[in-house]
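Residues per chain, in single letters:
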Amino acid sequence: MNILSNNIKVKRPKKRLGRGIGSGKGKTSGRGVKGQKSRSGVAIKSFEGGQMPLYRRLPKRGFNPINKKKIAKINLDQLQNFVDKKRIDPSNLINLESLKKNNIINKSYLKFKVLGNGKLTSKIDIEVDYSSISAKEKIENLGGVLKIKNPK
């Protein structure tokens, strides 16, 4: 048997607002007098009486991860371009520090990834944190060495 069926208070009639002063909920229908809150269809969400609301006091965080790893990504065609312009010496080891020293990547980057887009024609020895499979194949096909620092 349903417990609610014999409970009298479940079927309480709804308050009929605005039906004369004798009803106790006439005239302003329990909304006080005038003003924005007495009107229908008004919602004052997160309004704090003119004080700077909480959602505007706190800093924006959104989809920007706080501890995001800054990884410099360089394609093989970019590396080849730097070699052609003599900004990189292909006989030396290319790593994050050497690229920072030659002002090829920004000093704020902490890790370095090589990607396989484009064509590489010169043999290079490179030390990276991450590498794409195509970049690894292209470097090793030319007789170069790709060393990954801490493989995971």
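Model, not experiment: these values are computed from the prediction. (Residues numbered from 1 in each chain as written. Predicted model: local features only at pLDDT ≥ 70, side-chain atom pairs only at ≥ 80, totals over all residues. Heavy atoms only, no water.)

**Q** So what's going on with the overall build of the chain? Which residues, and what values?
**A** Across its full length, the chain carries four helices and six strands. If you line up the chain on its principal axes, its C-alpha atoms span 100 × 50 × 25 Å. A burial count over the chain gives 24% of its 152 residues as buried. Within the chain, contacts between residues separated by at least 24 positions form 40% of all contacts whose residues are at least 6 apart in sequence. In the chain, 37 positive and 10 negative side-chain charges are present, and the distance between their average locations comes to 30 Å. (Helix = DSSP H or I, 4+ residues; strand = E, 2+ residues; numbered from the N terminus. Buried < 20%, exposed > 50% of the residue type's maximum accessible area, 1.4 Å probe, protein only. Contact = heavy atoms within 4.5 Å. Lys, Arg positive; Asp, Glu negative; His and termini not counted. Charge placed at Lys NZ, Arg CZ, Asp CG, Glu CD.)

**Q** Just give me the short version of the sheet that holds strand β2 (residues 93–94), but keep the residues and values in it.
**A** Across the sheet, three strands lie side by side as β2-β4-β6; this open sheet has parallel pairing. Looking at strand neighbours, the two that pair on one side only are β2 and β6 (145–148), the edges of this open sheet. As judged from the two bridges shared by β2 and strand β4 (residues 125–128), these two strands associate in the parallel manner. Counted as the bridge partner of I94 is I126 from β4. (Pairing = 2+ DSSP bridges.)

**Q** Report on the pairing of β4, specifying residues and quantitative values.
**A** Along any regular strand the residues' side chains alternate between the sheet's two faces. As paired strands, β4 and β6 are joined by four bridges and run parallel to one another. Residue E127 lies in a different strand from β6, and its bridge partner there is K147.

**Q** Describe the nonpolar core, and please don't skip the residues or the numbers.
**A** One finds L79, I88, L99, F112, V114 and I126 to be the most contacted residues of the largest nonpolar core, which totals 21 residues. At the level of secondary structure, the elements contributing two or more residues to this core comprise β1 (71–75), α2 (76–84), α3 (96–101), β3 (111–115), β4 and α4 (133–141). (Core = buried A, V, L, I, M, F, W, Y, C linked by side-chain atoms within 4.5 Å.)

**Q** Can you tell me about α2, naming the residues and giving the values?
**A** Those residues of α2 not exposed but buried are L76, L79, Q80, F82 and V83. Taken around the axis of α2, the buried residues stretch over an arc of 160°, which confines them to a single face. Buried positions along α2 lie against β1, β3, β4 and α4. K86 sits one or two positions beyond α2 and adopts a positive phi of about 65°. (Arc of directions from axis to C-beta.)

**Q** Account for the packing of aromatic side chains, with residues named and values stated.
**A** Inspection of the entire model under this criterion finds zero aromatic pairs. Between the NZ or CZ atom of K70 and the centre of the ring of Y109, over which it lies, the distance is 5.0 Å. (Phe/Tyr/Trp six-rings, centres within 6.5 Å; stacked < 30°, edge-to-face > 60°. Lys NZ or Arg CZ within 6 Å of the ring centre and 35° of its normal.)

**Q** Which residues make up the sheet that holds strand β5 (residues 130–131), and what are the values?
**A** Pairing within the open sheet is parallel, and its three strands lie in the order β1-β3-β5. Only two strands of the sheet have a single neighbouring strand rather than two, namely β1 and β5. Bridge count for β3 against β5 is two bridges, and the pairing is parallel. Residue pairing for β5: V114 is matched across the bridge by S131. Sheet contacts for α2: β1 and β3; angle to β1, the most-contacted strand, approximately 75°. (Axes fitted to C-alpha atoms, helices over the stretch in contact; angles between N-to-C directions.)

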